[in-house]
Amino acid sequence: MIRKALLLMGALLLLGGFTSLSDRLREQLKTSPQHYAQFDVKMGWDITTANGATIINGVIQNIRYATMEDIEIWVSSVDANGKTVSRSVNYVIPRRLEMGDLTPFSVTLPTAATPGTKLIFTYKYNGFDGGGPDDGGVNWMQSFESAVSPHV
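Structure report, in brief. These figures come from a predicted structure and were not determined experimentally. (Residues numbered from 1 in each chain as written. Predicted model: local features only at pLDDT ≥ 70, side-chain atom pairs only at ≥ 80, totals over all residues. Heavy atoms only, no water.)

### Points about the pattern of salt bridges
Condition: A carboxyl oxygen of Asp or Glu within 4 Å of a side-chain nitrogen of Lys or Arg is what we treat as a salt bridge. Helical segments are the DSSP runs of H or I of at least four residues, strand segments are the runs of E of at least two, and each set is numbered from the N terminus. Each residue is placed in one exposure class: buried if its accessible area under a 1.4 Å probe, protein chains only, is under 20% of its type's maximum, exposed if it is over 50%, and partly exposed if it falls in between.
According to the stated counting rule, one finds seven salt bridges in the structure shown. A salt bridge links D70 to R95; its shortest N-O distance comes to 2.9 Å. Of this pair, D70 sits in strand 4 (residues 67-78) while R95 is found in the loop between strand 5 (84-91) and strand 6 (96-98), placing the two residues 25 residues apart along the sequence. Owing to a relative accessible area of 48%, R95 belongs among the partly exposed residues under this scheme. A salt bridge links K124 to E72; the shortest N-O distance between them is 3.7 Å. Residue K124 is found in strand 8 (residues 118-128), and its partner E72 is found in strand 4; the two are separated by 52 residues along the sequence.

Next comes the structure, spelled out in structure tokens:
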């Protein structure tokens, strides 16, 4: 009985090892507790706190441009008076994200954000439609707000 259970566990681990990174990122995007979608990107993230810091782990997907380059994700924590308490950035790697591709991001704020804290996300990138050398692309920046949920 124990041997069958171990074989089953081993088979499940082996099969799980064949799941592509892209599939895992799509699942993370789908199941993340926080979401954002706009004409150009989809994002999903989770927020945790540890050692007095706020950790935002997420996934971003390019849904608009042939390529996006030099993606930055900034997050600011804002108090009830609208004053910025902390701010941090993630320079997304890989540097280039093709249409439909996803990549993880992580932003760590040096302060603990309590439930209800307003977070302001700002993302920036250069988007290209694939028009060749004359495609100057677009330099884009967008912001949105999110609140820290009670489960943090």
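### With respect to the side chain of S76
Cut-off, in case you're wondering: Every residue pair with non-hydrogen atoms within 4.5 Å of one another is taken to be in contact.
Relative to the elements of secondary structure, S76 occurs in strand 4. Not counting the four nearest positions on each side in its chain, S76 is found in contact with T84, S86, R87, K118, L119 and I120.

### Let's talk about the nonpolar core
What counts, and what does not: Side-chain atoms within 4.5 Å link the members of a nonpolar core, which is a set of buried Ala, Val, Leu, Ile, Met, Phe, Trp, Tyr and Cys residues.
If you look at the biggest cluster of nonpolar residues, it comprises 24 residues, and the most contacted ones within it are M43, W45, I56, I73 and F105. Contributing elements (two or more residues each) for this core: strand 2 (41-50), strand 3 (53-62), strand 4, strand 7 (102-109) and strand 8.

### Here we look at the packing of aromatic side chains
Under the convention used in this document: What counts as a ring pair is set by centres within 6.5 Å for rings of Phe, Tyr and Trp (its six-membered ring), and what kind of pair is set by the plane angle: stacked under 30 degrees, edge-to-face over 60, tilted for all other angles.
Counted under the stated rule, the structure contains eight aromatic pairs. For the pair W45 and F144, a centre-to-centre distance of 5.8 Å together with 45 degrees between the ring planes defines the contact as tilted. With W45 in strand 2 and F144 in strand 9 (residues 138-147), the pair connects residues that are 99 residues apart, well separated along the chain. Taking the relative accessible area as the measure of exposure, F144 reaches 10% and is therefore buried. Both rings, one in F121 and one in F144, keep their centres 4.9 Å apart while their planes meet at 10 degrees; by these two values the pair is stacked. Here F144 lies in strand 9 and F121 lies in strand 8, a separation of 23 residues in the sequence.

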